[in-house]
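# Fold and contact review
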Amino acid sequence: MAQSRVAKVYAGNQENNLTEWEFLALNSELNIADGHARQELTPGQSKIIDELPLLFGEGERRRVEEIERECHRAYLQLLGQHSYPSTPGRVLSCYSSSVAMEILSRALATRMDSVALLHPTFDNIADLLRGNSLRLLPIAEDPLHGGDLDDELLRSVGCVFITTPNNPTGKVVPEERLRRLAEQCAEHDVILALDTSFRGFDTRAHYDHYAVLQSVGCRWAVIEDTGKLWPTLDLKLGMLVFSEDIGLPVSKIYSDILLGVSPMILVLARRFAEDAANGGLDELHRFIGGNRELVRAQLADLPGLTFPDADSKVSVERVHLGDRPGTEVWAALRESNVYALPCRAFHWDKPNEGSNMLRIALARSSEPLARSVQTLRLVLERF
Ligand SMILES: Cc1ncc(COP(=O)(O)O)c(C=O)c1O
């Protein structure tokens, strides 16, 4: 069954979406493709996993409302989001951030037909918006960070959607830039939507976004995600948070899709957030930083090769391959059972801009990561 999906997905298809490429890597020990956390548990995290039956018991015994509130508080306060709206119903727990994205997309589609979206960014955001018949207008990263958005663009859309920190570039929208974006969205009565799934990796994204959004008073939505940080075998939740005046049927559409997330997962996420607050987050930052150095050191002197995201702190690293095509390097790597991620699909509007890049996952144990990157080096020397 899985084999036939592999055959169908691959077939040398450079138009695969990112998840299709990631699927091909799932059974390899040398999977440096997807952005999920797959490194070994730390001793503190192992202790939590050893207590899984107790967490299950807690999930059975206690009121869901309380468990959910504690989980949201532990996670959002860990990452500096002290002003998130904590009144009931304003943080919707979802099975994953993609489910939160689907709910938001469906809600947006009830009131508008166009959305401005960051380019490049993770392609399932574009796919879910388009899947709900929304027309997309790209916002490139340089203009986004460089100054005000074009008034013409803002007049032609109902929502501006930004991923911060961005996947794959790691770029963060700083506080003053977010404030100005929110002001412009308020002036044009446009919803400002953020995907902050990768914020845990970068303290520059730990300023209180909710304080900024609420003080400016634009209509807004934020998608948060516990899923990228900790190696919990995809036991995770996404959260869809939104302004009181968003003017979209978000709660109704949420209830069309789900009742809620398992209380055991809510307890687990809370416990991992507590462990992170007690030093685990700093440890994770050091670990990802070390893996980034390892990748750069092993590849740095190869001719034509560069690392475009010099300041990135997120758990992925792009490598620009010079004039080597990403999908060809991918195919050569695959012969050694190493799977990286070609970057064309991040450029959902202009795939050619990503043709000569690969993305490498850093949330991996250092030994298999080092072996994968050594193989990548050997492959690149041949090109
Ligand atoms: C920025 C961003 N948002 C959302 C998602 C989707 O996450 P999930 O697969 O857990 O739904 C991803 C996945 O990599 C992502 O990079």
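Residues numbered from 1 in each chain as written. Predicted model: local features only at pLDDT ≥ 70, side-chain atom pairs only at ≥ 80, totals over all residues. Heavy atoms only, no water.

Bringing the sheet that holds strand β8 (residues 238-242) into the picture now. Here we have 7 strands laid out as an open sheet, ordered β2-β8-β7-β6-β5-β3-β4, and mixed in their pairing. One side of each edge strand has no neighbouring strand; the edge strands of this open sheet are β2 (91-94) and β4 (135-140). Between one strand and the next, the sheet's axes are offset by a mean angle of 20°, whatever the strand orientation. As paired elements, strand β7 (residues 220-225) and β8 share 5 bridges and run antiparallel to each other. Bridging from a neighbouring strand, Ile223 pairs with Leu240 of β8. Across the sheet, helix α6 (residues 97-109) lies against β2, β3 (114-119), β5 (159-163), β6 (191-195), β7 and β8, angled at about 165° from β7, the strand it touches most. (Pairing = 2+ DSSP bridges. Helix = DSSP H or I, 4+ residues; strand = E, 2+ residues; numbered from the N terminus. Axes fitted to C-alpha atoms, helices over the stretch in contact; angles between N-to-C directions. Contact = heavy atoms within 4.5 Å.)

Moving on: the site of the ligand. Around the ligand, the neighbouring residues are Ser96, Ser97, Ser98, Phe122, Thr163, Asn167, Asp195, Ser197, Phe198, Lys228 and Lys236. Asp195 has a polar side-chain atom sitting 2.6 Å from a nitrogen atom of the ligand. Lys228 places a side-chain nitrogen or oxygen 3.0 Å from an oxygen atom of the ligand. Here the ligand has 390 Å² of accessible area as a free molecule, and 92% of this is covered by the chains. Of the residues that constitute the shell around the ligand, the class distribution is 2 nonpolar, 6 polar and 3 charged. (Near = heavy atom within 4 Å. Polar contact = N/O pair within 3.5 Å; in protein donor to acceptor, adjacent residues only side chain to side chain. Areas by Shrake-Rupley, 256 points an atom, 1.4 Å probe, with all protein chains shown as cover. Nonpolar A, V, L, I, M, F, W, Y, C, P; charged D, E, K, R; others polar.)

Per the stated rule, a full pass over the model turns up 34 salt bridges. Here Lys252 ties to Asp256 by a salt bridge, and the two come within 2.8 Å at their closest N and O atoms. Here Asp256 and Lys252 lie together in helix α12 (residues 250-257), a separation of 4 residues that amounts to about one turn. Among the residues examined, Asp256 registers a relative accessible area of 42% and is labelled partly exposed. Between Lys350 and Asp349 there is a salt bridge, and its shortest N-O distance comes to 3.7 Å. Overall, the relative accessible area of 43% leaves Lys350 in the partly exposed class. Overall, the relative accessible area of 33% leaves Asp349 in the partly exposed class. One network of salt bridges, in which partners are shared, links Glu51, Glu58, Arg62, Glu66, Glu70, Arg270, Arg271 and Glu274. (Salt bridge = Lys/Arg side-chain N within 4 Å of Asp/Glu carboxyl O. Buried < 20%, exposed > 50% of the residue type's maximum accessible area, 1.4 Å probe, protein only.)

Right, let's talk about the nonpolar core for a bit. A general feature of soluble globular proteins is that nonpolar side chains tend to end up buried together. Residues Val160, Ile162, Leu192 and Leu299 are the most contacted members of the largest nonpolar core, which totals 82 residues. For this core, the leading source of residues is helix α13 (residues 263-299), giving 14 residues. Each of domain 1 (2-40 + 279-382) and domain 2 (44-274) gives at least three residues to this core. Leave out the neighbours within four places in its chain, and Leu299 touches Leu305, Phe307, Val319, Ile360, Val373, Leu376 and Arg377. Listed in part, the 44 residues of the second largest apolar core include Leu136, Ile191, Leu258 and Met357. (Core = buried A, V, L, I, M, F, W, Y, C linked by side-chain atoms within 4.5 Å. Domains from an automatic or database assignment.)

Once that is clear, we can look at the domain arrangement of the protein chain. Accessible area lost during the coming together of the parts is what is often quoted as the interface size. When its domains are assigned, the protein chain resolves into domain 1 (2-40 + 279-382) and domain 2 (44-274). Once you take the C-alpha centre of each, domain 1 and domain 2 turn out to be 25 Å apart. Contacts between domain 1 and domain 2 engage 30 residues on the former and 36 residues on the latter. Taking both sides of the interface into account, the surface hidden between domain 1 and domain 2 amounts to around 2,600 Å²; carbon and sulfur atoms contribute 61%. When the area that domain 1 buries against domain 2 is broken down by residue, the three leading residues are Val314, Phe346 and Trp348, summing to 28%. Here domain 1 is connected to domain 2 by 0 salt bridges. Joining domain 1 to domain 2, the criterion identifies 11 residue pairs in polar contact (both at pLDDT 80 or more). For the side of domain 1 that touches domain 2, the secondary structure elements donating two or more residues are α2 (18-25), α13 and β9 (316-320). Here the side of domain 1 that touches domain 2 is composed, by residue class, of 10 nonpolar, 9 polar and 11 charged. (Buried area = accessible area lost by both parts, 1.4 Å probe.)

If you walk across this open sheet you meet the 3 strands as β9-β12-β11, and the pairing is antiparallel. Of all the strands in the sheet, just β9 and β11 (341-342) have a single pairing partner and so form its edges. One ladder, built from 5 bridges, connects β9 with strand β12 (residues 357-361); its direction is antiparallel. Of the residues in β12, the one forming a bridge with Arg318 is Arg359. Across the sheet, α13 is in contact with β9 and β12; its angle to β9 comes to roughly 15°. Against the sheet, helix α14 (residues 326-334) touches β11 and β12, its axis set at about 50° to β12.

With that settled, consider the side chain of Lys228. By the element assignment, Lys228 lies in the loop between β7 and β8. Within polar-contact distance, the side chain of Lys228 engages the side chain of Asp225 at 2.6 Å.

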